[in-house]
Structure formats: structure tokens, C-alpha cells
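These are the residues of each chain, in order.
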Amino acid sequence: MSEGTVTSGDGTTIAYTAWGDGDPIVIIDGATAHRVTTPENAVAAELLADEFLVINYDRRGRGESGDTAPYAVEREFEDLAAVIEQAGHGRPATVFGWSSGGNLALGAAQSGVPVARVALFEPSAAVDDARPPLPADYVERLEAAVADGRPGDAVALFMTAAAMMPEEMVDGMRGEDWWPGLEAIAPTIAYDGRQVGDALSGTPLRADLWDDVDVPVLVMHGIDTWPAMAAGARAVAAHLSTATLRPVPGQEHSTTPDVLAAALREFVKES
């Protein structure tokens, strides 16, 4: 295992951890997550390190990575491109994204970032009434809460509107020891909102959304996940002409490192 940094196109420093050697697999976390909060990524990486160079990086504004204003979704595509070029030695990478990190991965592939294949675990999508759509002003409300010095309200909005948690449950979380850690990265929650765009609008995915993605795509969802998450994964898989849908053992909105590592290894070898 090694740690390092790369420099993105706008000069932002992006921190990463790498395991093993070989063709790169890059892991992208979803909303609120980064290397410290997702130790399961390290376990999966260690299981894959016998054959692959596995890279897990902190998205901008989180963990040990920097941030440079103003934000645009393209900046995160450039971050991924820098990780692939500098930490991945320029070899076309398999890019795996959790949740809204999967939307980022697809957007990057759409924009021309050199990826060999894309794997997703429950990407953010809602094309029907399987779940409530994101409010039309979701990003604006997140940014306003942060600008007004109310990062906790931004976190609460994400948990209720995006993660579909009951308000009373979220209210009870505000006193937990880990809540300040979420408040610290509250400004980045809007980044995921912008990456997701209108994919959580409750209407069919736009025909031109990811229409230039021509690499193999694996779309996974947990067998035991919430029905709305499985429906979103099915919608993304149906929307992409190169996609394969695979339900995997899991609990709610996740799976175990051994299941994930096995699925990624098989996907790379078969595609």
C-alpha cells in the first residue's frame, strides 16, 4: 500500500491510496464518503491487489484532498483523469463508483476520460414513482444552507431528500459524535447533486444522457437493497447499450468487500 497525491487540471491536490500493481481499478465514493469513512474500499483493494493496481482517492473537498472554487462537474472529471494519468500511469482504467460516484464515473466516461470499463453499485436514478424525486431546488437549498453557516441543515437535507431517511431519525443523529465530520464536508454534498443532475427527477432518463459511453458497463445492486435503489440500477442498465445488470448479495445500499472484489475481478476478466 502507498499513499500520494496528484494535481488536477485546476491545480487542486487530490490525495489517494494505492494497492498492488497491474491494470488500474479506480474507486469513487458517493456523497459524504471518503477514504477514512469507507474502510471497506481498502479491504476490497487488498483482495484485488494480487492482479490490479487499485486506487481509492478522496474527492475534492473531502478527506485530504483540496478544493478550488468555482465548482463545476467537469472539475471532478479532471480529477479522475489526473488520478488515472498520474497514479495509474496513464493506463486505461476500470472505474468503479458507489451510488452517486457511479454517476460521476459515467459522466467522466461521457466526457472522454480514458476509461476501459465502468462498474457501478446502485447509481443514483429515479425514473418513476418508486421513490420521491429530488426537489427541483435541491442543489440551491444545499448551497444556501452552507452559505448561511448551517452545514447541519445541508446534511439533513441530503439524508431526507436524497437518502430517504425519516426526519425524526435524522434529528436524532445531530447529537452523534460523527455528525461534525459530516458537517465538515457539507459543501461537497451539492457536488453530488450536480453530478446526479436530473437522473433523480422521477422522469425517464434523457436520451442524450451518457449516449457516448461505449465501454462495457456493469451495474450492480444489492439483492436486499431498498426497492427504489434496485429500480434505479435497472433503469441505468436498461438505458446503456453496453451495460449488464447484476444483482449481488448485499444489505441495503451496500455489499461486502469480498463480494465486490469478486464481481470486479470477473468483470475485468470477461470484458
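Visitor: Help me get a handle on the overall build of the chain, residues and values and all.
Guide: A count of helices and strands for the chain gives 10 helices and 8 strands. For the chain, the C-alpha radius of gyration of 17 Å lies close to 18 Å, the compact-globule estimate for 271 residues. Dimensions of the chain, computed from the C-alpha atoms along their principal axes, are close to 45 × 35 × 35 Å. Residues counted as buried form 53% of the 271 residues belonging to the chain.

Visitor: Report on the pattern of salt bridges, specifying residues and quantitative values.
Guide: Counted under the stated rule, the structure contains 20 salt bridges. With a shortest N-O distance of 2.8 Å, Arg60 and Asp79 are connected by a salt bridge. Residue Arg60 is located in the loop between β4 (52-57) and α2 (73-87), and its partner Asp79 is located in helix α2; the two are separated by 19 residues in the primary sequence. In this structure Arg60 comes out as buried when scored by relative accessible area, which is 1%. Residue Asp79 is classed as buried on the basis of its relative accessible area of 1%. Residue Arg75 pairs with Glu78 through a salt bridge whose shortest N-O separation is 2.8 Å. Pair noted here: Arg75 and Glu78 are both in helix α2, with a separation of 3 residues, about one helical turn. Beyond isolated ion pairs, a larger network of salt bridges with shared partners links Asp10, Arg60, Asp67 and Asp79.

Visitor: Residues and numbers for the pairing of strand β7 (residues 217-224), please.
Guide: Residues in a regular strand project their side chains so that they alternate between the two faces of the sheet. The element β7 is largely enclosed, with a buried count of 6 among its 8 residues. Bridge analysis of β7 against strand β8 (residues 243-251) gives 7 bridges, and the strand direction is parallel. Residue pairing in the sheet places Val217 in a bridge with Ala243 of β8. Taken together, β7, helix α9 (residues 227-239) and β8 constitute a β-α-β crossover, and its handedness is right-handed.

Visitor: Describe the packing of aromatic side chains, listing the residues and the values that go with them.
Guide: Two numbers describe a pair of aromatic rings. These are the distance of the centres and the angle of the planes. As enumerated under the stated definition, the model contains 4 aromatic pairs in all. Both rings, one in Trp98 and one in Phe121, keep their centres 5.3 Å apart while their planes meet at 65°; by these two values the pair is edge-to-face. Here Trp98 is found in strand β5 (residues 93-98), whereas its partner Phe121 is found in strand β6 (residues 115-121), with 23 residues between them in sequence. Each of the two residues, Trp98 as well as Phe121, counts as buried. Measuring from centroid to centroid gives 6.3 Å for Trp178 and Trp179, while their planes differ by 50°, and the two rings are tilted. Exposure remark for Trp179: the relative accessible area of 2% places this residue in the buried category. Among the aromatic residues, ring-to-ring pairing joins Phe96, Trp98 and Phe121 into one connected group.

Analysis parameters
Residues numbered from 1 in each chain as written. Predicted model: local features only at pLDDT ≥ 70, side-chain atom pairs only at ≥ 80, totals over all residues. Heavy atoms only, no water. Helix = DSSP H or I, 4+ residues; strand = E, 2+ residues; numbered from the N terminus. Rg over C-alpha atoms; globule rule 2.2 N^0.38 Å. Buried < 20%, exposed > 50% of the residue type's maximum accessible area, 1.4 Å probe, protein only. Salt bridge = Lys/Arg side-chain N within 4 Å of Asp/Glu carboxyl O. Pairing = 2+ DSSP bridges. Right-handed = clockwise from strand over helix to strand, strands pointing away. Phe/Tyr/Trp six-rings, centres within 6.5 Å; stacked < 30°, edge-to-face > 60°.

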